[in-house]
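Given next are the chains, with one letter for each unit.
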Amino acid sequence: MPELSQHRRFLALAICCASVVVVVMDISIVNVALPAIRRDLHASESGLQWTVDAYTLVLAGFLVLAGSTADRIGRRRVFQVGLAAFGVGSLLCGLAPSIGWLIAARALQGIGGTMLNPVAMAITVSTFPDPAERARAIGVFGSMSGLALALGPILGGALVDGLGWRFVFWVNVPIVAVAIVGTVLFVPESRAVRARRFDPVGQTLVILVLAGVIYAIIESKVLGWSSPIILGLLAVAMLGVLGVLGYEPRRADPLLELRLFRSVPFSSAILMALFALCGFSAFLFVSTQYLQDVRDMSALAAGLCMLPVGLLVVALSPRTGRLVGARGPKLPLTVSGIALVLGGAASLWLDAATPLPAVLATYLLFGVFLGTVNPPITNTAVAGMPRSMAGVAASLASTGRQTGTTLGVAIAGTIVGPALARGGTAYTRAERGVWWLVVGLGVGILILALLSTGRRAMDTAARAAALFEEVDQDAEPRTASYTADGRRRGH
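Residues numbered from 1 in each chain as written. Predicted model: local features only at pLDDT ≥ 70, side-chain atom pairs only at ≥ 80, totals over all residues. Heavy atoms only, no water.

With that out of the way, let us pick up the overall build of the protein chain. Each helix and strand counted, the protein chain has 19 helices and zero strands in total. A buried classification covers 54% of the 491 residues belonging to the protein chain. Residue pairs in contact within the protein chain that sit at least 24 positions apart in sequence constitute 83% of those at least 6 positions apart. Looking at the protein chain as shown, the accessible area adds up to about 19900 Å², and 68% of this sits on carbon and sulfur atoms. (Helix = DSSP H or I, 4+ residues; strand = E, 2+ residues; numbered from the N terminus. Buried < 20%, exposed > 50% of the residue type's maximum accessible area, 1.4 Å probe, protein only. Contact = heavy atoms within 4.5 Å. Areas by Shrake-Rupley, 256 points an atom, 1.4 Å probe, with all protein chains shown as cover.)

The following block contains the structure:
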């Protein structure tokens, strides 16, 4: 790829940042709109859960596939397809006449989203060849998640109150249109020197596991855990897990590189990512409904209550990244685990009469938690891994986050769903089950932080990395099999 001017490099970065903003914002912005969607489309609590989870489930299931496809056929090309799919999905979400159509359109949005975040990161890395510039660009790119989180509830609240919930989705359309044009003009095409091969069987097994578990959790409150349908879904998920364990180790380029899990830091990072986003998505799903349905706030006021969370994420994430680089991940992981435990415990006492300053102070704890948990998780996932596996490790950490987000909404909705119609005291009483879950997840993060940062844990990371040394040794000769534009030559 020819070297680009500084101006074009930063324009490409801006386009990539716009993509991460719309993808992340569409999680928090939709949560604020859920009460309005329920009223307008006469949706059940499970319908609201699927409105969030149809999006995050697709993101979790196809992130790795989208990244490897982009490496193979061209990152710019896949990025453009992702922008178009996300834009069409957003348009259809706003036109949805029923909750079923909305859920289907959200799934289309998710398909587009899988082709944006991981691919945008790969484009950013390939666009900035200088290590110092690349580090700054990645820092800017990473901070966009916090910015999107801060903007989402406020923008969502203003749109719901001013124009209606459908504009929560339509706001994406002009942003995506501009990004598509900008991609054509300013984003260079790039491919991986050695792209991982497709793994359709592994991909199918992953979808069976995720979809089976999530569907069983969401529908269990209607069908009951003893229902043949629920038991069948759980059985399918278990068979999927056994299939992954039996099939993936036999592939040269598996979708899920199970040998990475021999590293205690890596395994802990995946679990912490799942725990962290499970706790935060449960908080977001329950709190936006608590503010509007229990405290009778407008959507905009509810969004403004979430502003301290987003601002703390923006402020703390870069500082946490520097702290991880200087002192390692143990301290920020410990702080994040304690903050999540305290946030969950403090939320146990929230009800309709709780003074608003006390509510906001509780939410600040969740901001501290999210602002200090993501950088050390990514660092822990890739620590000690050879370059050939760094991208796979980081993408699996992202998959853990999206899986956690999906589970958090599914579990929280199942806990509070039966009490939603009764509202008031019944809803706040039901919420306590969610907060006890959040406390338990915080304790889990604390335990994993201690397990993953000791000397013995780092030794397991070194042994796992040694398994992939031959991949790095083979990578150099394989470059001769590819042309300068990333196309493979015939043999």
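Now that the structure has been shown, we can carry on.
This part takes up helix α9 (residues 200-223). Along α9, the sharpest change in direction is near 35 degrees and occurs at I217. Where α9 ends, the next residue or the one after it, G224, has phi of about 90 degrees, a positive value. (Bend = angle between axes of the 7 residues up to and from the residue.)

All chains considered together, the criterion is met by four salt bridges. With a closest N to O distance of 3.1 Å, R106 and D26 form a salt bridge. Placement of the pair is R106 in helix α4 (residues 99-114) and D26 in helix α1 (residues 6-41), with a sequence separation of 80 residues. Between D40 and R166 there is a salt bridge, with its nearest N and O atoms 3.7 Å apart. Of this pair, D40 sits in helix α1 while R166 sits in the loop between α6 (131-162) and α7 (167-170), and the two are 126 residues apart along the sequence. (Salt bridge = Lys/Arg side-chain N within 4 Å of Asp/Glu carboxyl O.)

Turning next to the packing of α1 against helix α3 (residues 75-95). Close contact between α1 and α3 brings their axes to 12 Å; oriented N to C, the two are set at 40 degrees. Judged by the sense of rotation from one axis to the other, the crossing of α1 with α3 is left-handed. Contact residues: I15, C16, S19, V22, V23 and D26 in α1; F79, L83 and F86 in α3. (Axes fitted to C-alpha atoms, helices over the stretch in contact; angles between N-to-C directions. Left-handed = near helix turned anticlockwise from the far one by under 90°.)

Our next topic: the nonpolar core. Counting 124 residues, the largest nonpolar core has L102, W165, F283, L291, Y363 and F369 as its most contacted members. Counting residues per element, this core draws most heavily on α1, which supplies 20 residues. Setting aside residues no more than four positions away along its own chain, L102 makes contact with I37, L41, T51, C93, A96, W165 and F169. (Core = buried A, V, L, I, M, F, W, Y, C linked by side-chain atoms within 4.5 Å.)

So, on to the environment of G344. One can find G344 in helix α14 (residues 330-347). Given a relative accessible area of 0%, G344 falls into the buried group. Beyond its immediate sequence surroundings of up to four residues, G344 is in contact with F366, W435, V438 and V439.

Here we take up the layout of surface pockets. Estimates place the volume of the second largest pocket at around 690 Å³. V209, L210, L256, F261 and T403 are, among the 27 residues lining the second largest pocket, the residues nearest its centre. Of all the secondary structure elements, the ones that give two or more residues to the lining of the second largest pocket are α2 (45-73), α9, α10 (228-247), α11 (264-294) and α16 (387-420). In terms of residues, the lining of the second largest pocket owes the most to one element, α9, which gives six residues. Of the residues contributing to the lining of the second largest pocket, the split by class is 21 nonpolar, six polar and no charged. (1 Å grid on protein atoms, 1.4 Å probe; cavity = no way out; pocket = protein on both sides within 12 Å on 5 of 7 lines; lining within 4 Å. Points joined across faces, edges and corners; volume = space filled by probe spheres on them. Nonpolar A, V, L, I, M, F, W, Y, C, P; charged D, E, K, R; others polar.)

Next up on the list: a nonpolar patch on the surface. Residues M238, L239, V241, L242 and L245 make up a contiguous nonpolar surface patch of roughly 490 Å² in combined accessible area. On the secondary structure map, L245 appears in helix α10. (Patch = residues over 30% accessible without salt bridge, like charges linked within 9 Å, V, L, I, M, F, W, Y side chains within 5 Å.)

In a regular helix each residue adds 1.5 Å, so 29 residues correspond to 42 Å; α2 covers 41 Å between its end C-alpha atoms and thus fits that length. Residue F62 marks the point of greatest curvature in α2, where the axis turns by about 55 degrees. After α2 finishes, the residue G74 shows a positive phi value of roughly 125 degrees. (Expected span 1.5 Å × (residues − 1).)

The next thing to look at is the side chain of T460. Assignment of secondary structure puts T460 in helix α18 (residues 455-466). Given the relative accessible area of 12%, T460 is considered buried. A distance of 2.9 Å separates the side chain of T460 from the backbone nitrogen of V264, its partner in a polar contact. (Polar contact = N/O pair within 3.5 Å; in protein donor to acceptor, adjacent residues only side chain to side chain.)

Moving on, we come to the packing of aromatic side chains. For any pair of aromatic rings, the description rests on two quantities: the centre-to-centre distance and the angle between the ring planes. Applying the stated criterion across every chain, the model contains 10 aromatic pairs. With centroids separated by 5.5 Å and ring planes inclined at 50 degrees, the aromatic side chains of F280 and F283 adopt a geometry described as tilted. In this pair, F280 and F283 are both assigned in helix α11, three residues apart and thus about one turn of the helix distant. A residue is classified by how much of its surface remains accessible, and F280, at 5% relative accessible area, is buried. (Phe/Tyr/Trp six-rings, centres within 6.5 Å; stacked < 30°, edge-to-face > 60°.)

A few words on unusual backbone geometry. At H42, a position not held by glycine, the phi torsion is positive, near 55 degrees. Overall, the relative accessible area of 72% leaves H42 in the exposed class. Even without being a glycine, D296 presents a positive backbone phi close to 60 degrees. In this structure, D296 sits in the loop between α11 and α12 (299-305). By relative accessible area, which is 64% here, D296 ends up exposed.

Turning our eyes to something else, we now look at the environment of A237. In this fold, A237 is placed in helix α10. What makes A237 buried here is its relative accessible area of 4%. C-alpha separation for the pair A237 and A211, spaced 26 residues apart in sequence, amounts to 7.9 Å. Ignoring sequence-local partners within four residues, the contact set of A237 consists of L208, V209 and V213.

Time to look at the confidence of the model for the protein chain. Predicted confidence across the protein chain gives a mean pLDDT of 82, with 87% of residues reaching 70 or more. Between residues 475-491, whose pLDDT stays under 50, and residues either more than four places distant or in other chains, the model counts 19 contacts. (pLDDT = per-residue confidence, 0-100.)

Two elements in contact, α1 and helix α5 (residues 117-127), have axes whose closest approach is 9 Å; the angle formed by their N-to-C orientations is 165 degrees. If you check the angle between α1 and α5, you find them roughly antiparallel. Along this stretch, α1 crosses α5, giving a crossing that reads as left-handed. The residues of α5 that touch α1, namely those facing R9, A12, L13, C16, S19, V20, V23 and V24, are N117, A120, I123, T124 and T127. Here the residues of the contact of α1 with α5 sort into eight nonpolar, four polar and one charged. (Parallel < 35°, antiparallel > 145°, perpendicular 65-115°, else oblique.)

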